[in-house]
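Read off the chains here:
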Amino acid sequence: CEDTNFRKCRTVSGDVASLATLGLSRRVSSVRPAGGGAMPPAVVGQIELFDRVGFGGRSQRFSTAVPSAGGLLGGQAESLRIRGGAWQVCDGPNFM
């Protein structure tokens, strides 16, 4: 999704060596398991964010929704790995 305020959300189901390819380099502010609706999908898996391109540097791993950048490498993610399921990755807080 992308709205008129330049907010972007992308659904990702595989590793992304450079978030620049999605227009999200150093812009990830919220992540959540993809699935739509009120209930999360049955198989969630995990997402791991890295502060360098190519899965390098510091990383943080999550298995639940994170609505704000405070827990997402301070909004400095450059790459990510998906370990099961699909995830929505957004450049705005609260999945906007």
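Procedures and definitions
- Residues numbered from 1 in each chain as written.
- Predicted model: local features only at pLDDT ≥ 70, side-chain atom pairs only at ≥ 80, totals over all residues.
- Heavy atoms only, no water.
- Salt bridge = Lys/Arg side-chain N within 4 Å of Asp/Glu carboxyl O.
- Helix = DSSP H or I, 4+ residues; strand = E, 2+ residues; numbered from the N terminus.
- Buried < 20%, exposed > 50% of the residue type's maximum accessible area, 1.4 Å probe, protein only.
- Phe/Tyr/Trp six-rings, centres within 6.5 Å; stacked < 30°, edge-to-face > 60°.
- Lys NZ or Arg CZ within 6 Å of the ring centre and 35° of its normal.
- pLDDT = per-residue confidence, 0-100.
- Contact = heavy atoms within 4.5 Å.

## Brief notes about the pattern of salt bridges
(1) Moving on: Under the defined criterion, the tally for this structure stands at 6 salt bridges.
(2) Moving on: Note that Arg27 and Asp91 form a salt bridge whose closest N and O atoms lie 2.6 Å from each other. With Arg27 in the loop between β1 (9–12) and β2 (30–33) and Asp91 in the segment after β6 (87–90), the pair connects residues that are 64 residues apart, well separated along the chain.
(3) Moving on: Exposure remark for Asp91: the relative accessible area of 7% places this residue in the buried category.
(4) Moving on: Salt-bridge contacts for Arg61 lead to Glu48; the nearest nitrogen and oxygen are separated by 3.1 Å. Of this pair, Arg61 sits in strand β4 (residues 56–62) while Glu48 is found in strand β3 (residues 46–52), placing the two residues 13 residues apart along the sequence.
(5) Moving on: Through salt bridges with shared partners, a single ionic network connects Glu48, Arg61 and Arg83.

## Examining the packing of aromatic side chains
Two aromatic rings are characterised by how far apart their centres lie and by the angle between their planes.
(1) Moving on: As enumerated under the stated definition, the model contains 1 aromatic pair in all.
(2) Moving on: Measuring from centroid to centroid gives 5.8 Å for Phe50 and Phe55, while their planes differ by 75°, and the two rings are edge-to-face.
(3) Moving on: A relative accessible area of 22% places Phe55 in the partly exposed class.
(4) Moving on: Arg81 extends its terminal NZ or CZ atom over the ring of Phe55, reaching a point 3.7 Å from the ring centre.

## Examining the confidence of the model for the protein
Low pLDDT marks stretches whose predicted atomic positions should not be read closely.
(1) Moving on: The pLDDT averaged across the protein works out to 82; a share of 79% of its residues lies at or above 70.
(2) Moving on: Contacts of residues 1–6 to residues separated by more than four positions or lying in other chains number 10 contacts, the stretch itself having pLDDT below 50.

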